[in-house]
Amino acid sequence: MLPEPALSFTIPSLHDGTVLDCRVYHPASLAAANPRAPPWERHAAVVAHPYAPMGGCYDDPTLDSVAAALLRTGYLVATFNFRGAGHSAGRTSWTARPERDDYASVVGFTVHYAHFLDPFADGAPRRQRPVLLMGGYSYGAMVTAQMAPLDRLLEPFARRPAAPAPGVPARVAAAGGRHAPGDHGAAAVAARGAPPRRRRRGEEARGECDAGRLWRPRRLCAGG
């Protein structure tokens, strides 16, 4: 049996903004009350449920057993309701394309959540690259098998606003190219900001989440 989730929340689907119910479960390694647990290796898993019109949801007993087993082995586990399941909005599609985008939305959240949930702030080295396991049971397995490679799934989450042109102060760019009051001399230099610090070899940027470098994708598909 799964414990109470560490997080219960909703996110919008990348497909069309449909609101999806989600849960995240933390392994014992992340529990402050369990100092004897081994260090978390930052492994994470997303598992998907059976067909919603036949009663499938993230409370499915088989899904519960799989998620609990992953949790015991040290994985952070995310479960969710596809559109039309449980309290998620929308309805099940005929093509599964919207459901693939639902799944990708949860994968993107989970990867970034696990990345920023950083118990290695003290600089302790990792023994290996963490695993991101994408799994599903029955209908969830079918959707999982159709998912694109992890790098492609994360592309929508890596997009950033375009940077101002070189030499253009940030406040000028924000004003649509017009010179904002006070943007001259030292003020303009301050608005542009200092040059970025050159990163040391092997140093990981705090806001960076390079799936190809940081995660080892795996899949687990079970029929039913």
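Calculation notes
- Residues numbered from 1 in each chain as written.
- Predicted model: local features only at pLDDT ≥ 70, side-chain atom pairs only at ≥ 80, totals over all residues.
- Heavy atoms only, no water.
- Buried < 20%, exposed > 50% of the residue type's maximum accessible area, 1.4 Å probe, protein only.
- Helix = DSSP H or I, 4+ residues; strand = E, 2+ residues; numbered from the N terminus.
- Pairing = 2+ DSSP bridges.
- Core = buried A, V, L, I, M, F, W, Y, C linked by side-chain atoms within 4.5 Å.
- Contact = heavy atoms within 4.5 Å.

Colleague: Help me understand the pairing of strand 2 (residues 19–25) in this model?
Modeller: Sheet faces and side chains relate simply in a regular strand, where the side chains alternate between the two faces. With 6 of its 7 residues buried, strand 2 lies for the most part within the structure. Taken together, the 6 bridges between strand 1 (residues 7–12) and strand 2 define a ladder with antiparallel strand orientation. Following the sheet pairing, S8 is matched in strand 2 by R23. One ladder, built from 4 bridges, connects strand 2 with strand 4 (residues 76–80); its direction is antiparallel. Across the sheet, the residue bridging to C22 is F80, located in strand 4.

Colleague: How should I be thinking about the nonpolar core in this particular structure?
Modeller: Buried together is how nonpolar side chains tend to be arranged in soluble globular proteins. Counting residues in each nonpolar core, the largest one holds 29 residues, and the members touching the most others are F80, Y103 and V107. For this core, the secondary-structure elements that each account for two or more residues are strand 2, strand 3 (44–48), strand 4, helix 2 (97–116), strand 5 (131–137), helix 3 (139–145) and helix 4 (150–153). The element contributing the most residues to this core is helix 2, with 7 residues. Filtering out sequence-adjacent residues up to four positions away, V107 remains in contact with V46, L132, M134, L150, L153 and L154.

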